[in-house]
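Secondary and tertiary structure notes
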Amino acid sequence: MAQIVLKNIWKSYGKKDVVKDFSMTIDDGECFTFLGPSGCGKTVILRMIAGFERPDRGEIYIGDRLVASGEKHYSLPPESRDIGVVFQDYAVWPHKTVFQNVAYPLQIKRVHKEELKQRTNTAVAQVGLKNYEKRYPYQLSGGQQQRVALARALVPRPSVLLLDEPLNNLDANLREEMRFEIKILQREYGVTVLYVTHDQDVALAISDRILVFDKNGSIRQVGRPEELYENPNDSYIYKFMGVSNFLPADVRDGKAYLKGTGDLISDQALVNNGDMTLASRPSDVILSRENGIVAKVMRVAYLGSNFDYRLSLGAFEVRAQMDTHDALAQRLIFEPGEECRITLNKITWFDAEQAKEEVL
Amino acid sequence: MSRLIAARGSGKKFGGAEIVLALSIAVLVVIVAVPVLMILYNAFTVDGKLNIGDVVDIIKEPDTYMALRNSLIIALGVTGLGTFLGVLFSYLVARTDLPFKSLMKLLFIVPFMLPSFIGAIAWKVLLSPRGGYINKMFMDIFNTSRPLFNIYSVAGIIVVETMYLFPFVFMQVSAALERMDPTLEESARISGVPLGTIMRKITFPLIMPSIVAGALLIALYSLAHFGVPAILGTEIGFYNIPTLIYRKIHSSGGSFASIRTGTVLATILIASAALILYLQKLVLKSGRYSIIAGKSMRPMLMKLRRSKYPILLLCFVYIFITVILPTATIMLVGALKTYGLPFELKNMTLRNFKYILNWRMTRQAVSNSLLLSLGAAFVTMLAGTIISYVIVKMKVKGKFLLEFLGVLPFSVPGTVIALGVILTWSGRFGINLYNTTWIIFVAYIARYMAFSIKSNSAALEQVHDSLEEAARSCGATHWQSMKDIVLPLIKPGMVAAFFLILLPALRELTTSVLLYGPRTRTIGVAIYALNEDGETVLACALATFALLIIVFGEIVIRRIISAKEGGPSGG
C-alpha cells in the first residue's frame, strides 16, 4: 500500500537531541520493528510519522506524499495521513461502546450507514469481539480493549499501521496470542506496519525486519529476525536478542583459553590471536561430569521443561540451560556447591574492546 | 499588556494555538490581573509617584490599625476554635463507633452551604443583648438585666464565624483519616502499643499536614471575611479590614482618600493571603506521605463504650445549634407580624413573604442575583474550559503565565476584587461600568475563575493525550476530536464548575456590597441592607427564599455529582 521514507530526521527537546540524522525506508507491506531500550527515541520517530510531533529537520514520506518537512516548517496533520495508530494505553474512548469506537473513523469519513455497519461488524468480528459490540470499555479486559483499538485502527483500511508498544500492558499469555493476531491481520489487510517495542520476543516473532537502536538512539543493526539472532553485528545486538554469556578469552593459534587461566574453552577459534570476547547462549552450554573446563554450581532453578543453572567460572558467571528429559536420562542433575564440567557448543566472537564497554 | 503578548506571538509563528493562548491570557489579564495591579498601583503611588511614607501613615491611623488588629484577633480565634472542633468531630466520625456516622458526616458539612451572614442575622435575633429572644427569655426567667450572652462582641463574631468555617478542617481531616492505611496503626497495636500512644505517635503526626492545611484555609477566609463582622460588629463600632474598607468607601462616596486607604488595606489582605497560601503549599508538600495514598480500608475503630450516647447527644446538640436553630429562626422571624413579638401562632403571617414577592426592590434583587450568577457561571465555565485546555493540553510557550493568573484569584479576597474592579472599570480606561450590573458581572467572573479552572483542569487531566491522538489518527480534525472526544469526557467537570460558581454567586455579599447601585442590588445585598435598615422581619423573609434556593441548588448538584461517580455507564 505504501512505503515510509525517513530522510535525515532530527528532533530535539530543549537541548537534548533525541533523534539524530535518522534515515530509513520501510517497504510497502512490510512489518518493520523498531527495537530499543526506553529513551532511545523510537517512539518519537513513530509520533513524527503519525504527525503528533514535527521533525526539526529532515523529511518524511508516506507513499509518494511528503507528510513532514523540518526545513519547510511543514507538517500534514495526522488526520490527513491515512494512518492507523494503536497506543500502549489502548486509548479506547470510555464514553463510546465497542461498536461506536470502531465505527468512529468511518463516521468521520461519512461512509454510508449500511456500509459503516457492515464494515464495523466485520472488523469487530475479526478481532474476536463479536457479541461485545454494545459493551463499554470499562466492561472489557485489557486484552479486549487492545483488540478494540486494533479494530479501530484497521477499519478505515489505512495504508500504514503504527503500533506503539501495544502489548506492554498485557500479561504474558495474552501477549503471545495478540502477536499472532497482529501478524494475521497485517497479512489480511496488506498494510505496512511499524511496530515499536523494547521486547525482543515480540520483535522476533512478528517482524519481517528489525531495526535495533542503542540507548543513544544510534542504529546498531537492521535485518531479518534470524539474521540478527544468528549474525549479530556486535555484542550489544547479541545481548539484546536473548539471555547471553560473555567471557573474556585469550586466543593463541586457534586455541581459546579463559583469560588469565589455562582452561581451554575452544580449540577451533578461527579468529585473530590476542584478547577476544566470546558469547554463547545458555542452551549452548553443555554440562557433563567428564569433559570440559571445571565450573562450580551456584544456583539451580527447575523451570519444568528445563533446569536453569548459574555456574561460577573463576571470577565469571555462566548461565546454562539443560533439557529436563536429557538431564534425567543422563543423570546429569547437579546440586548447588557441586562441581561440574562445561563445554560451549556454539561460540560467537567479538572484539574485546567493544564488548568490554557494553556488555562485560 | 495583552496586546504586547499577542503581538509578540504574531512575530514568528501564528497558529491557532497561539491565538487561543493570546486570547485566554488577554481575558485573564483584563479580568483578573489589571484590577489587582490597580490596587497595588494606587496603594503605593500618589500622583504617579512612589510614596511609601504615606502608606505607613495610613497604617498608623487609629482606625486602620484597629481594623488590622481586629482582623488578626478574629482570624486567630476562629482558626483555633474551628480547628479544634474540626479535628474533634472528624475523629469521632471517622475513627469511633459513633452511631449514624454517614448522616453525621453529611450534617457536619451543612453549615458550609449556608451563607454565614444569614446565620449572623439569626444569631443577632436570638442573642442581641436586649432584644435577642434567648437573652430575653433568660432575663425573664432569672429576673435579671444581664443578658446570657452578648453576640455583639469579639467572642460572638468568633463563635458565629467558627460555625460556618470549621468544615474546612473537618473535610480535610476526615479525608486524611479515611485514606490512611490502617495497617500502620494495626502493626503498632500488634506490637502492644496502647491506643492512646498510637494516636499520639502515629495517627496524629500522619494527619497533621491535613489539619494545618485546613486551619490555614480557615485563617484565609476569616481574615477577609465580611458578612459576620459587618452584621455583628458594626453595631458596636468594631471593624475588621473588609468592613472598614466598606465603611470608608460607602461613607465617603468614593473619595480618593478613602479609596487609597482601601487599597492599602487590600494590599495587606493580598499579602497575608499570599503568605497563607504559600505556607499551605509547603505543608501539603511535606505531607505527601505515600502511606496516605493507599486504598480506603476498614480502619480500627475506637470503642466509646459508656460515653457513646452522651457524645452522640453532644453532636446532635451541636448540629441543632449551628444548623437547625438559626435556619428555623430565620424562617420563623420571616413569618412574624412585627419584629419582637413572641413566636406564637397568632403572631404569624404569610404577609411578609407575599410582600417580598411583590416588592420591586426585592424582585429586582432576586432577578439580578439569578441573572448575574447564571450568566457569570456560564461565561466563567466556558472561559475556564478553554483556559484549562490551553494549560493542560496545548504545547505552547508562555502558558505558565496563564496558570499563574488562573489561580491568582484564590489568594484575592472578595473585598479586594471589588475594589480592584472599581478602580479598573470606573472610566479610567475609557469604560465606565460603575453602578451597572456589568461591574458586578465582571467581578464575579474574576472571583470565580479559579474555581472553574480548577474543576476543568482536573477533568482534563483525566483525559489522556492518547485519546485525542487516537481520534486524530482516525481522521478527525482537531475541532472534531474536541467535539466528539474531549468535550463529552469533561462534561461532568464543566457541569460541576457551573454549579460551583452558581451557588456561591447566588448568595454572594462581600463583593456585591461594594459594587451595587440603586437598581443593581443582589439577594445578599438586599438582605444585608434590609437588616441594616432595621427591617429584620423582611430581611428574614427574603433570607428564607434565599435558603430555599440554595438548598434546592445543593440537592441538584449532589444529584449530578453522584450520577457522575456512578461511571460513564449512562449511555
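Structure first, text after, so check above.
Owing to the predicted nature of the structure, the values given are computational and were not obtained by experimental measurement.

With that out of the way, let us pick up the overall build of chain A. A count of helical and extended segments in chain A gives 10 helices and 21 strands. Viewed in the frame of its principal axes, chain A has a C-alpha envelope of about 75 × 50 × 30 Å. Out of the 360 residues belonging to chain A, those deemed buried represent 54%. For chain A, the accessible area works out to roughly 16900 Å², and carbon and sulfur atoms hold 46% of it. Put simply, chain A has 46 plus and 49 minus side-chain charges, and the middle of one group is 7 Å from the middle of the other.

Time to look at the sheet that holds strand E17 (residues 293-302) of chain A. Residues and elements named next belong to chain A. Spatial ordering of the open sheet is given by E16-E20-E17-E18-E19, a layout of five strands whose pairing is antiparallel. This sheet does not close on itself; its edge strands, each paired only once, are strand E16 (285-288) and strand E19 (316-323). Across the sheet, the axes of successive neighbouring strands diverge by a mean angle of 45°, strand direction being ignored. Bridge analysis of strand E18 (residues 306-313) against E19 gives eight bridges, and the strand direction is antiparallel. Bridge pairing in E19 places Asp 308 opposite Gln 321.

Next up on the list: the packing of aromatic side chains. Residues and elements named next belong to chain B. The final tally for this structure, using the stated rule, is 35 aromatic pairs over all chains. Both rings, one in Phe 89 and one in Tyr 318, keep their centres 4.8 Å apart while their planes meet at 45°; by these two values the pair is tilted. A residue pair is termed long-range when its members are at least 10 positions apart, and Phe 89 in helix H4 (residues 62-95) and Tyr 318 in helix H15 (residues 308-334) qualify at 229 residues. A centroid spacing of 5.3 Å and a plane angle of 45° characterise the contact between Phe 108 and Phe 170, whose relative ring orientation is tilted.

The next thing to look at is the interface of chain B and chain A. Across the contact, 22 residues belong to chain B and 22 residues belong to chain A. At the boundary of chain B with chain A, total buried surface from both sides reaches about 2000 Å², with 61% on carbon and sulfur atoms. By the criterion of area lost to chain A, the three top residues of chain B are Glu 469, Ser 473 and Cys 474 of chain B, representing 28% of everything that side buries. Where chain B touches chain A, the interface holds two salt bridges. Of the charged contacts, one joins Arg 472 of chain B and Glu 79 of chain A as a salt bridge, the two residues approaching to 2.7 Å between their closest N and O atoms. Across the contact surface, chain B and chain A share seven residue pairs in polar contact (both at pLDDT 80 or more). Among the secondary structure elements, those contributing two or more residues to the side of chain B that touches chain A are helix H21 (465-473) and helix H22 (478-506) of chain B. Counting residues per element, the side of chain B that touches chain A draws most heavily on H21 of chain B, at seven residues.

Time to look at the pattern of salt bridges. In total, this model carries 27 salt bridges over all chains according to the counting rule given. As a salt-bridge pair, Arg 47 of chain A and Glu 469 of chain B come within 2.6 Å of each other at their nearest N and O atoms. Here Arg 47 of chain A, found in helix H1 (residues 42-50), pairs with Glu 469 of chain B, found in helix H21, and the two come from separate chains. Each member of the pair, Arg 47 of chain A as well as Glu 469 of chain B, carries the same accessibility label: buried. Its salt-bridge partner being Glu 338 of chain A, residue Arg 289 of chain A comes within 3.6 Å of it at the nearest N-O pair. Here Arg 289 of chain A, found in the loop between E16 and E17, pairs with Glu 338 of chain A, found in the loop between helix H9 (324-329) and strand E20 (339-344); they are 49 residues apart in sequence, far enough to count as distant. Beyond isolated ion pairs, a larger network of salt bridges with shared partners links Asp 27, Glu 30 and Arg 209 of chain A.

Parameters at a glance
Residues numbered from 1 in each chain as written. Chains lettered and ligands numbered in written order. Predicted model: local features only at pLDDT ≥ 70, side-chain atom pairs only at ≥ 80, totals over all residues. Heavy atoms only, no water. Helix = DSSP H or I, 4+ residues; strand = E, 2+ residues; numbered from the N terminus. Buried < 20%, exposed > 50% of the residue type's maximum accessible area, 1.4 Å probe, protein only. Areas by Shrake-Rupley, 256 points an atom, 1.4 Å probe, with all protein chains shown as cover. Lys, Arg positive; Asp, Glu negative; His and termini not counted. Charge placed at Lys NZ, Arg CZ, Asp CG, Glu CD. Pairing = 2+ DSSP bridges. Axes fitted to C-alpha atoms, helices over the stretch in contact; angles between N-to-C directions. Phe/Tyr/Trp six-rings, centres within 6.5 Å; stacked < 30°, edge-to-face > 60°. Contact = heavy atoms within 4.5 Å. Buried area = accessible area lost by both parts, 1.4 Å probe. Salt bridge = Lys/Arg side-chain N within 4 Å of Asp/Glu carboxyl O. Polar contact = N/O pair within 3.5 Å; in protein donor to acceptor, adjacent residues only side chain to side chain.

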